[in-house]
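# Overview (structure and organization)
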Amino acid sequence: MAEIPRSIAIIGAGQSGLVCAHGLLASGHRVTLYSDRTAEAFLSESRPTGVATRFGPALDYERELGLNHWEQSAPMLPGASVTLSPVRRNRALTVTARLTQPGVAIDVRLQSHRWMTDFVERGGTLEIERVSGSRLEEVAGAHDLTLVATGKGGLASLFPCDETRTKYEKPQRHLTMLCFHGPDLQFGDQPFLSAGLEVLPYAGEVFWLPFHHKDVGPSWVVSFEAKWGGPMDRFQEVGSAAEMLAVAREVTRDLMPWRSPLLELAEPSDELGWVKGAVRPLVRKPVGVLPSGQIVAALGDTAIAFDPLAAQGANNGNRMARHWVESIDAAGDQPLDAAWIERQFEVFWTDHGQHAVALTDLLMEAPPPMVAALLVAQYGSDGREGRDDGAQALADAYIGNFAEPASLTPTLLDPTRTRALIVEQAGSFLWAVARKLPGLLLAQLRQLLGRDPGHP
Ligand SMILES: Cc1cc2nc3c(=O)[nH]c(=O)nc-3n(C[C@H](O)[C@H](O)[C@H](O)COP(=O)(O)OP(=O)(O)OC[C@H]3O[C@@H](n4cnc5c(N)ncnc54)[C@H](O)[C@@H]3O)c2cc1C
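This one's a predicted model, so the numbers in the text were calculated from it and none came from an experiment.

Analysis parameters
Residues numbered from 1 in each chain as written. Predicted model: local features only at pLDDT ≥ 70, side-chain atom pairs only at ≥ 80, totals over all residues. Near = placed C-beta within 6 Å. Helix = DSSP H or I, 4+ residues; strand = E, 2+ residues; numbered from the N terminus. Nonpolar A, V, L, I, M, F, W, Y, C, P; charged D, E, K, R; others polar. Expected span 1.5 Å × (residues − 1). Buried ≥ 20, exposed ≤ 12 C-beta atoms within 10 Å, placed from the backbone. Contact = placed C-beta atoms within 7 Å. Domains from an automatic or database assignment. Pairing = 2+ DSSP bridges. Axes fitted to C-alpha atoms, helices over the stretch in contact; angles between N-to-C directions. Core = buried A, V, L, I, M, F, W, Y, C linked by C-beta atoms within 7 Å.

As a structural note, the neighbourhood of the ligand is formed by 38 residues, with G14, G50, G151, G300 and G313 the closest of them. Among the elements of the structure, α1 (15–26), β2 (30–35), β7 (173–181) and α8 (313–330) are those that each provide at least two residues to the shell around the ligand. At four residues, the largest contribution of residues to the shell around the ligand is made by α8. The residue inventory of the shell around the ligand, partitioned by class, reads 15 nonpolar, 18 polar and five charged.

What follows is the structure in structure tokens.
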């Protein structure tokens, strides 16, 4: 509980705004949440803003706040498998890793509906209005601090781009997301329900995820991350869920036919359950100055916009929400002014934000040679207990880094440290990599003969 309750406004009832609003309420602050739509509208007339798969540390905060309503019904994800496909219709390798805590992807529209209802029941003040620039002046004047969590567009432009922390001048992928249902939730004979990530360096990436949809419950979501102008970049003209499914079938048949059975039985989960677009990965300054000189602070995608290929946006949003809550709790009666906001954001950036951004940037490009060697050293991992060659431990560390990007990203950025990690887990660098080659070559031979590669 905060020693000194403050009055805080939050603009935007998405993932970050709502988690922060609940955190502040739980600490005893007076919170007003401004949403441009009602809880009901999230269910009946909204598009999802993203897949928002969260991992252990981000989910822990939701649990602490009593927001984990779907833990018994949603398909939890204890692990993930990554397939590297260097050319069309070819699987060079697959690795399967376990997470220390399962992740989950829940329809953000369902979450916003429920968490807004909870917020009012728990004593929060909810205002349904689309906050304009001039209205923001009134809101900021009436509260000790105003947090803007309106996502990537609109009010986000109040916060200047931090050029020193922003690598790309434009989006790097064309994105799609489609909610569908029909097929079973399991991939092949994996020991657990897992997220599937296809890496096609010549075309982009594809995520296949067991998902909890607002209407149909446990089902699927797929997200294509197409390199501009590449062979996956065929979704630009789609105008409906059915059209997106048709193009997804075509792309999957053409590039990764082993996933086609998933789409053969698929039907869109709802007419609005699809998204297409592009995100420029962008770090903004945390302070927005209004024309009157009043200040507001950025939260979630408004502060840092991620390309989703490393699944960092919603995870980062939860962690930033927690950070703002803990910082406000600890502030006592200090003014929550621009200097204070900047100091708090620096702590967040140093501890977490920089690593989440660096991981996303790393995955956006072709893997550096030592990271490629790390992937090869993981070959053989199948998610089962009892391996002693280091492959599973390396795979688990690699996937665990998505949940805790500070854990391995600095190592991945440093070839000497990456090599040392391989040696630590697998005994000898050459042995860890070279002994995988016969298996990888055999898999190629099998595919040349028209057979399944036989990867673990
Ligand atoms: C295809 C795709 C896949 C993704 N996959 C993942 C993933 O697997 N894992 C992950 O961690 N992240 C993922 N993300 C990112 C994640 O979805 C976002 O980071 C997260 O949903 C952002 O939450 P937010 O609350 O910051 O913003 P938003 O979800 O955009 O919410 C902003 C809210 O503010 C409201 N609003 C806007 N303007 C106003 C206004 N003026 N007044 C009042 N209200 C307003 C909007 O209606 C909205 O409800 C993905 C994104 C995409 C596009």
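Next comes the rest of the description.
Here α1 is twelve residues long and its end C-alpha atoms lie 17 Å apart, about the 16 Å a rise of 1.5 Å per residue gives. Burial analysis of α1 places eleven of its twelve residues in the buried class, the great majority of the element. Looking at α1, one finds that the buried residues are Q15, S16, G17, L18, V19, C20, A21, H22, G23, L24 and L25.

For the rest of this paragraph, the subject is helix α10 (residues 369–377). Within the span of α10, buried status applies to L374, L375, V376 and A377. Against the buried residues of α10 lie β3 (77–84), β4 (93–103), α11 (391–403), α13 (415–426) and α14 (429–434).

Turning our attention to the domain arrangement of the chain. The domain architecture assigned to the chain consists of domain 1 (7–49 + 108–168 + 282–362), domain 2 (77–105 + 172–277) and domain 3 (369–448). Placing a centre on the C-alpha atoms of domain 1 and another on those of domain 3 gives a separation of 37 Å. Counting from both sides, the interface comprises nine residues of domain 1 and, opposite them, seven residues of domain 3. Of the residues in the side of domain 1 that touches domain 3, the class split is six nonpolar, three polar and no charged.

Spatially, β5-β2-β1-β6-β15-β14 is the arrangement adopted by the six strands of the open sheet, whose pairing is mixed. The open sheet terminates on both sides in strands that have one partner only, identified here as β5 (125–128) and β14 (287–289). Adjacent strand axes in the sheet meet at a mean angle of 25 degrees when their direction is disregarded. Bridge analysis of strand β1 (residues 7–11) against strand β6 (residues 145–148) gives four bridges, and the strand direction is parallel. Note on β6: the bridge partner recorded for I8 is L145.

Let us look at the nonpolar core. Core analysis: the largest hydrophobic core is formed by 131 residues, its most contacted members being I10, C20, L147, V148, V221, V222 and L299. Per element, the largest residue contribution to this core is eight residues, and it comes from helix α9 (residues 338–364). Non-local contacts of V148, meaning those with residues more than four positions away in its chain, are made with I11, G12, L155, L158, G288, V296, A297, A298, L299 and T302.

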